[in-house]
Every structure is written in structure tokens, then in C-alpha cells.
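# Summary of structural features
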Amino acid sequence: MIIDVHAHLSPPESARRYPMPPSLTDVDAMLDARSEAGIDLTVIGSPVGAGAMMRVPGVDNYRQPADRLRALHDWTAALVARFPERLRAYAYVNPLGSEAELRAADETARDPAFVGFVVNSSVRGRFLDDPAADGFFALAAERRLPVFVHPPAEPAGAREVADLRFVEQVSRFADVASGLAMIAFAGWPDRYPDLTLIGATGGGGVAALTDKLDLAARPRPFGPPPASVDAAGAPPRPAVSASPGAAVRRMYVDTAAPSDALTAMNLAVFGAGHMLLGTDSPPVPVPPARAVARIRDLPIGPAEQAAILGGNAASLFGLAPVRTGGRA
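Residues numbered from 1 in each chain as written. Predicted model: local features only at pLDDT ≥ 70, side-chain atom pairs only at ≥ 80, totals over all residues. Heavy atoms only, no water.

## Thoughts on helix 2 (residues 27–37)
As a reminder, the rule being used: For each residue, the accessible area found with a 1.4 Å probe, counting protein chains only, is set against the maximum for its type, and the residue is called buried under 20%, exposed over 50%, and partly exposed in between. Numbered from the N terminus, helices here are DSSP runs of H or I no shorter than four residues, and strands are runs of E no shorter than two. As used here, the arc is the angular range of directions from the helix axis to the C-beta atoms.
Those residues of helix 2 not exposed but buried are Val27, Met30, Leu31, Arg34 and Ala37. For helix 2, the arc enclosing every buried residue in end-on projection is 120°, short of the 170-degree limit, so these residues lie on one face. Exposed residues lying more than 90 degrees from the buried face of helix 2 are Asp28 and Glu36. Glycine 38 sits one or two residues past helix 2 and shows a positive phi near 80°.

## So, the packing of helix 4 (residues 99–109) against helix 5 (residues 134–143)
Applicable threshold: In this description, a line fitted to the C-alpha atoms serves as the axis of each element, helices being fitted only across the stretch in contact, and the angle between N-to-C directions of two axes falls anywhere from 0 to 180 degrees. Roughly parallel covers angles under 35 degrees, roughly antiparallel covers those over 145, roughly perpendicular covers 65 to 115, and oblique covers all other angles. Handedness of a crossing is defined here by the sense of rotation of the near helix relative to the far one, left-handed for an anticlockwise turn of less than a right angle and right-handed for a clockwise turn. Should any heavy atoms of two residues lie within 4.5 Å, those residues are counted as being in contact.
Direction vectors running N to C along helix 4 and helix 5 enclose 20°, while the axes themselves pass 11 Å from each other. One element, helix 4, and the other, helix 5, form an angle in the roughly parallel class. Of the two elements, helix 4 crosses helix 5, and the hand of that crossing is right-handed. Of the residues in helix 5, those in contact with Leu102, Asp106 and Ala109 of helix 4 are Gly135, Phe136, Leu139 and Arg143.

## As for the packing of helix 11 (residues 288–296) against helix 12 (residues 302–317)
Between two packed helices, what matters for the description is the angle formed by their axes and the separation of those axes. Following both chains from N to C, one finds helix 11 and helix 12 inclined at 150°, their axes separated by 9 Å at the closest point. Looking at the two axes, helix 11 sits roughly antiparallel to helix 12. In contact with Val292, Ile295 and Arg296 of helix 11, helix 12 contributes Gln305, Ile308 and Leu309.

## So, the pattern of salt bridges
The test is simple: A carboxyl oxygen of Asp or Glu within 4 Å of a side-chain nitrogen of Lys or Arg is what we treat as a salt bridge.
Scanning all chains against the criterion turns up 12 salt bridges. Where arginine 124 meets aspartate 60, a salt bridge forms, and the shortest distance between an N and an O atom there is 2.9 Å. Of this pair, arginine 124 sits in the loop between strand 5 (122–123) and strand 6 (126–127) while aspartate 60 sits in the loop between strand 2 (41–44) and helix 3 (66–82); the two residues are 64 residues apart in sequence, bridging distant segments of the chain. Overall, the relative accessible area of 46% leaves arginine 124 in the partly exposed class. A residue is classified by how much of its surface remains accessible, and aspartate 60, at 28% relative accessible area, is partly exposed. Residue arginine 143 is joined to aspartate 106 by a salt bridge in which the shortest nitrogen-to-oxygen separation is 2.6 Å. Note that arginine 143 is positioned in helix 5 and aspartate 106 in helix 4, a separation of 37 residues in sequence. Note on aspartate 106: relative accessible area 17%, which makes it buried.

## Quick look at the side chain of threonine 42
Structurally, threonine 42 is set in strand 2. Under the relative-accessibility criterion, threonine 42 is labelled buried at 1%.

## Overview of the sheet that holds strand 3 (residues 87–92)
Threshold: Whether two strands pair depends on DSSP finding at least two bridges between them.
One open sheet holds the eight strands; their spatial order is 1-2-3-4-7-8-9-10, and the pairing between them is parallel. The two strands at the open ends of the sheet, each matched to only one other strand, are strand 1 (3–7) and strand 10 (275–276). By the bridge criterion, two bridges tie strand 9 (residues 252–254) to strand 10 in an arrangement that is parallel. By the bridge assignment, aspartate 254 is partnered in strand 10 with leucine 276.

## A look at a negative patch on the surface
Basically, it comes down to this: Residues enter patches when they are more than 30% accessible in relative terms and free of salt bridges; like-charged ones are connected within 9 Å and nonpolar ones (Val, Leu, Ile, Met, Phe, Trp, Tyr) within 5 Å. All accessibility values rest on the Shrake-Rupley procedure with a 1.4 Å probe; residue burial counts only the protein chains present in the view. The charged-residue count follows a simple rule in which Lys and Arg add positive charge and Asp and Glu add negative charge, with His and chain termini not counted at all. Every charge is mapped onto a representative atom, which is NZ of Lys, CZ of Arg, CG of Asp or CD of Glu.
A contiguous patch of negative charge, built from Asp26, Asp28, Asp32 and Glu36, is present on the exposed surface. Its location among the elements puts aspartate 32 in helix 2.

## With respect to the side chain of serine 10
Inspection of the secondary structure puts serine 10 in the loop between strand 1 and helix 1 (12–17). Apart from the residues lying within four places of it in its own chain, the contact partners of serine 10 are Met20, Leu24, Thr25 and Trp75.

## Section: helix 5
Within helix 5, burial applies to Phe136, Phe137, Leu139, Ala140 and Ala141. Where helix 5 is buried, its residues meet helix 4, strand 4 (114–120), strand 7 (147–150), helix 6 (164–186), helix 7 (188–191) and strand 8 (197–199). Downstream of helix 5 by one or two residues, arginine 144 has phi in the positive range, about 55°.

What follows is the structure, encoded as C-alpha cells:
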């Protein structure tokens, strides 16, 4: 069974409201491409909820109306109900959101169409070491639902970057690496052992940071760092984890990164048992068959290839065909 853990679809209403590639609303074409690639099941989700992945003046993805987000999730659940053999979904939530937002996400995720949460690696430039993320991580661990960590529309520092092409291909990628590293550095995986984290875009290269993270967590031989405050005026957050590098290695990463070098590094650091097929298609205009072929071309055995192509995802998500109560 081949499972793609990283793809996106949007309702027609979202396409009328915000600019987006036409492929995001073409369900039939998306499923046809997966049939050609031999992909049996795909987990879809919106990393912006009912918001916009492009820069739209006046749009704040973290202030979207609750009823609009609920409508998106209803549409998604209904789509899974139409194609229960082909689709599952992530429930979107702002990981730094209010108690009401977390309750709504918990309610959404109780529909069996949803097999995990999708969150941004940073929120308005704040990474998830922020103490405000505690409620979300506690919820995800209690529910034992995987958390797909995806870059936001506006990564940390992106407002200073004029060229959206750089933001799309570099800033967002780097945001995932920094976001996952900060989660490990803050000790959330230590505090919540049942927390399962999946890094989009191959984890953004966080595999290269495990030794640096451990170095950052060690006592400084020349004394503590100078006192400072962050932009909100709060004191800096201490490194809670004694071994953030080990916390990173317990995470999972998808394969949605067009880099053979990164894939090789992820194999070395995470191992095939912690890698999941991801295409990011749509909207990425790369045939899913090519993503599958890249895994089959890796210099690993058939059992490891099968784990990456679907075995790991089936185990993590408990994937099986379901019927849901989503409204069409």
C-alpha cells in the first residue's frame, strides 16, 4: 500500500476568494495522477485553514472566522466520505491559538476522516517553543494524533524579503527546520512522550542540526548567555531538553523535497523507519509518479522502501477505509 502524507486540495469557494493554482481545486486530476503513480491513499490538508497561502493585503490567516474554518473542514470531511478508499485529512489548527480554537480542532479531529493535525512551523514569526503552544501539544499527545508541521504562508523574517519566489522555495523550507529545531530545543517531545511530529519538505534540513542543537543545550564554559528579552518583553526561553538532537531524531520527515542530498542525509539521521512519502502535489507541479520513483531508486532494501512508501504512514495514522459524517 502506497500512502502520500503531503498533498493539498481546496474548495471552489477558497479559489474564488484567494489566488491559488487551479490544480488545488481539481479533485479528479489529483486522483488520476495518483492512480498513474500507484498511490493508494493520500492525506490532504490546508496549512492555512480557510486562509491564503499567497500574500493578500488585509488577510490574517490567524484571525479567520471560526465558521469559515468549520466550513472548510466540513467540505474536507465530505470529500473523504466520497473517496474513502483514496483520501484522509489533517485538521488545521493554530498551535498558539485560544482554548476555543483548540476545542474546535479537537472536535473536528473526532471525525474519522481526520487522522492528524496540520500546524505551521511558526506563527507570525513566533516559533513553537512559545509557552502558548503547550495546550496544543498536550492535546495532540493526549489524542495520540500525528502533527504535520508545515511552513506558513509568511515564514519568520519573510516580510523583509521582496521576492515571493525566494519565500516559497527557501524561506518556507528554512522555517520548517527552525520550527522543528525549536520544538526539540524547548523540550516538548520530552514533556509529551506520546507526541508524534512529522516535518514537511523533508524537515527543511533539520537533520543537519542535531549536533548543533546538543551543543546549544550544553552549559557554556564561559558562563550563561547575556540576559535579553524577546519582542514581546518576556525573558528568553531556557533549553528544557537535555538532548534536543535526540528529540529531533525521534521525529519523522516526509520526502517532499527535490534534493537527493537531503534524502540521503535524512536516511542517515532518521533512518527509513522515520521517513514518509510526501509529494506536496498539488500544488507542486511535479508528477507524483516521480516522487514514488525516487524512493524506489534509493540504495536501500525492498523492506525499507516499502516502509517509506506506505508502511510507516499506515502504522502512524492507523489508516483504513472509513465513512464519515461530513456535509457535502
